[in-house]
Amino acid sequence: SNISVPVTATRITATAQFRARQVVTSGIYAGLGNPSTLPIRYAEIQILDANGNIIQCGETGTAGQISVDIPQSAGTYTLKVLSRAQNSNHVIASILNNPTAMTPYSISTSFTIGSGQATQAVTLASATYADSLEGGAFNILDQIVNANEYLLNNSTCSFCSTFPGSVGIQKVRVFWKPGLSPGAYYQSPTSATSFFISTDQASLGMAAGIYLLGGINDDICVDTDHFDNSVIVHEYGHFLENKYAYTDSPGGSHSGNSVIDPRLAWSEGWANFVQSAVRN
């Protein structure tokens, strides 16, 4: 929530956006196509002073808009947007680098205000779809927002009136790092995989949550899932299944051309249905 400020304040405004590559499904160039610019919705924001102290916080709006007040004091400040959200009406989620550090991704910029300045519009660069790839983290967060809004708008079950409201919503953690396959946690770093685990696995240094493919052995020019929205929402489907319903799936490896345990097949079919419904 916002930190209270004196009556004399400077209003800081900005727009938070991310760049996401779009999936091309046909033609000789099928794969990840050109990027689109999208708003960062409901994400945590921070204003820091020159010493790195948080002097204000809040969240972005439906269109990525930012509007917060800080004490009207001349100086240099930093505006920071993080890949986590605590919005009881839309999403409670954190996109984190790994289950040990639990560090969210962020974009930021510095700005200055003068003495007696009432407003300051700040230009914030979009989270990138390449190189440092913060756009990947914000795309993951955005897909969870999409899934929650779909459930809120299209469900008629008994608890849906409170989902994703403050009563019904459950926090989800997503672990993702550019260039890293989650298979590395199982000593299989070259295995291109994404998955959900429902409980902590302390012996492997893993916390419960979704693990998404960011690449292989520091290479992001291979199979990745941070812009593969079908995979992101599929794994979120497993999270929903675990938190709001019931599953007795034994887990394990599976593919579209193998005969598998029917409990696992049912669970995978459910997650595939969720991603297809959410993505229309």
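Up top you'll find the structure we're talking about.
A brief report on the enclosed structure follows. Treat the numbers as computed from the prediction; the structure is a model and nothing was measured.

Criteria and cut-off values
Residues numbered from 1 in each chain as written. Predicted model: local features only at pLDDT ≥ 70, side-chain atom pairs only at ≥ 80, totals over all residues. Heavy atoms only, no water. Helix = DSSP H or I, 4+ residues; strand = E, 2+ residues; numbered from the N terminus. Rg over C-alpha atoms; globule rule 2.2 N^0.38 Å. Buried < 20%, exposed > 50% of the residue type's maximum accessible area, 1.4 Å probe, protein only. Contact = heavy atoms within 4.5 Å. Areas by Shrake-Rupley, 256 points an atom, 1.4 Å probe, with all protein chains shown as cover. Axes fitted to C-alpha atoms, helices over the stretch in contact; angles between N-to-C directions. Parallel < 35°, antiparallel > 145°, perpendicular 65-115°, else oblique. Left-handed = near helix turned anticlockwise from the far one by under 90°. Nonpolar A, V, L, I, M, F, W, Y, C, P; charged D, E, K, R; others polar. Pairing = 2+ DSSP bridges. Salt bridge = Lys/Arg side-chain N within 4 Å of Asp/Glu carboxyl O. Patch = residues over 30% accessible without salt bridge, like charges linked within 9 Å, V, L, I, M, F, W, Y side chains within 5 Å. Phe/Tyr/Trp six-rings, centres within 6.5 Å; stacked < 30°, edge-to-face > 60°.

A few words on the overall build of the chain. For the chain, the helix and strand inventory stands at three helices and 14 strands. Computed over the C-alpha atoms, the radius of gyration of the chain is 20 Å, within 12% of the 19 Å expected from 2.2 N^0.38 for a compact globule of 280 residues. Counting only residues that meet the buried cut, the chain has 43% of its 280 residues in that class. Long-range contacts, defined as pairs at least 24 residues apart, comprise 64% of the intrachain contacts of the chain with a sequence gap of at least 6. In the form shown here, the chain has an accessible surface area of approximately 13700 Å², with 48% of it arising from carbon and sulfur atoms.

As a further point, take unusual backbone geometry. Despite not being glycine, Y42 has its phi angle at roughly 65 degrees, a positive value. Among the structural elements, Y42 can be located in the loop between β3 (31-39) and β4 (44-48).

Here we come to the packing of helix α1 (residues 134-154) against helix α2 (residues 229-244). One way to put it is that α1 packs onto α2 with a least axis distance of 10 Å and a crossing angle of 55 degrees. The orientation of α1 with respect to α2, classified from their angle, is oblique. Regarding α1 and α2, the two cross each other, and that crossing is right-handed. Contact residues: α1 offers N139, I140, Q143, I144, A147, N148 and L151, while α2 offers N229, I232, V233, Y236 and L240. Its residues assigned to classes, the contact of α1 with α2 comprises eight nonpolar, four polar and no charged.

Turning our eyes to something else, we now look at the sheet that holds strand β10 (residues 106-113). Spatially, β5-β4-β7-β10 is the arrangement adopted by the four strands of the open sheet, whose pairing is antiparallel. Of all the strands in the sheet, the pair left with one neighbour each is β5 (54-59) and β10. Adjacent strand axes in the sheet meet at a mean angle of 20 degrees, parallel and antiparallel pairs treated alike. Here strand β7 (residues 75-82) runs beside β10; their pairing, made up of eight bridges, is antiparallel. Considered in β10, the bridge of L82 is made with S106. Along the sheet, α1 makes contact with β7 and β10, crossing β10 at roughly 105 degrees.

Before going further, it helps to spend a moment on the pattern of salt bridges. Tallied over the entire structure, the rule returns five salt bridges. Between E44 and R84 there is a salt bridge, and its shortest N-O distance comes to 2.5 Å. One end of the pair, E44, is in strand β4; the other, R84, is in strand β8 (residues 84-87), with 40 residues separating them in the sequence. When its relative accessible area of 21% is taken as the criterion, E44 is described as partly exposed. Salt bridges linked by common partners bring R41, D142 and E149 together as one network.

Moving on, we get to a nonpolar patch on the surface. Together, W266, W270 and F273 line one region of the surface with nonpolar side chains, adding up to about 410 Å² of accessible area. One can find F273 in helix α3 (residues 262-278).

Moving on: the packing of aromatic side chains. Scanning the entire structure with this criterion turns up nine aromatic pairs. Consider the rings of Y77 and F111, whose centres lie 5.8 Å apart with planes at 25 degrees: the pair is stacked. Linking Y77 in strand β7 with F111 in strand β10, this pair joins segments that are 34 residues apart in sequence. With respect to burial, Y77 and F111 carry one shared label: buried. Seen from their ring centres, Y186 and F195 are 5.6 Å apart, and the 65 degrees between their planes marks the pair as edge-to-face. The class of Y186 is partly exposed, set by a relative accessible area of 35%. Overall, F195 belongs to the buried group, its relative accessible area being 14%. Taken together, the ring pairs connect F175, Y185, Y186, F195 and Y211 into an aromatic cluster.

Geometric descriptors of this kind do not, in isolation, establish any biological role.
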